[in-house]
Amino acid sequence: MLDMEEATRLARNFLDEKASHEGTAFALTEGERAQVGHTYYFDCQSAAYLRSGDLRDMAIGTGYVSVDGETGTCRMLRATESARLDLF
């Protein structure tokens, strides 16, 4: 089972390598993380918005990043999936 530190590293790598696209880089939102069972969840947002706070830089419709604590598999949840979890 992964610990939170390793899951955080995997989530960051996933955002850098898989989720960022078309000029939009994503980053983890500091402090917004949770573990439910064997899955870790991380809130994320566009890196530009996290730097500027300008609503024009905000990514809309993105969900949490989930990391399977057993396999390390990462994926970006849809906004509706994240809303149902209501973690943050």
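Rules used throughout
Along each chain, the written sequence defines residue order, and numbers are assigned to residues from 1. For a predicted model such as this one, the threshold for reporting local features is a pLDDT of at least 70, and the threshold for listing and counting side-chain atom pairs is 80 or more; totals across whole chains, interfaces and linings nevertheless cover every residue. Hydrogens and waters are ignored; side-chain quantities use all the structure's heavy atoms. Using a 1.4 Å probe on the protein chains alone, a residue whose accessible area is under 20% of its type maximum counts as buried, one over 50% counts as exposed, and one in between counts as partly exposed. Numbering of helices and strands starts at the N terminus; helices are DSSP runs of H or I of at least 4 residues and strands are runs of E of at least 2. We treat two strands as partners when DSSP finds at least two bridges between them. Buried Ala, Val, Leu, Ile, Met, Phe, Trp, Tyr and Cys residues that are joined via side-chain atoms within 4.5 Å together make up what is termed a nonpolar core. Note on contacts: a residue pair is in contact if any heavy atoms of the two residues lie within 4.5 Å. Angles here are taken between N-to-C directions and fall from 0 to 180 degrees, while the axes themselves are lines fitted to C-alpha atoms, restricted in helices to the stretch in contact.

## What about the pairing of strand β2 (residues 39-46)?
Piece 1. The element β2 is extensively covered by neighbouring structure, given that six of its eight residues are classed as buried.
Piece 2. Bridge count between strand β1 (residues 26-36) and β2: seven bridges; the pairing is antiparallel. Within β2, the residue paired with Val36 across the bridge is Thr39.
Piece 3. The antiparallel pairing of β1 with β2 creates a hairpin that spans two residues between the two strands, and Gly37 there sits at a positive phi of about 60°.
Piece 4. Note that β2 and strand β3 (residues 62-68) share four bridges and pair antiparallel. Directly across from Tyr40, in β3, lies its bridge partner Val67.

## Structural notes on the nonpolar core
Piece 1. Grouped together as the largest cluster of nonpolar side chains are 16 residues, with contacts concentrated most on Ala11, Phe14, Leu15, Tyr40, Phe42, Val65 and Val67.
Piece 2. Ranked by the residues each element gives to this core, the list is headed by helix α1 (residues 4-19), at six residues.
Piece 3. Once you skip the residues sitting within four places of it in the chain, Val65 turns out to touch Ala11, Phe14, Leu15, Tyr40, Tyr41, Phe42, Cys44, Arg75 and Met76.

## Some points on the sheet that holds β1
Piece 1. As summarised here, the arrangement of the four strands in space is β1-β2-β3-β4, forming an open sheet in which the pairing is antiparallel. Only two strands of the sheet have a single partner each, and these edge strands are β1 and β4 (74-78). Between one strand axis and the next, the sheet turns through 30° on average, direction left out of account.
Piece 2. Helix-sheet contacts for α1 involve β1, β2, β3 and β4, and the interaxial angle to β1 is about 140°.

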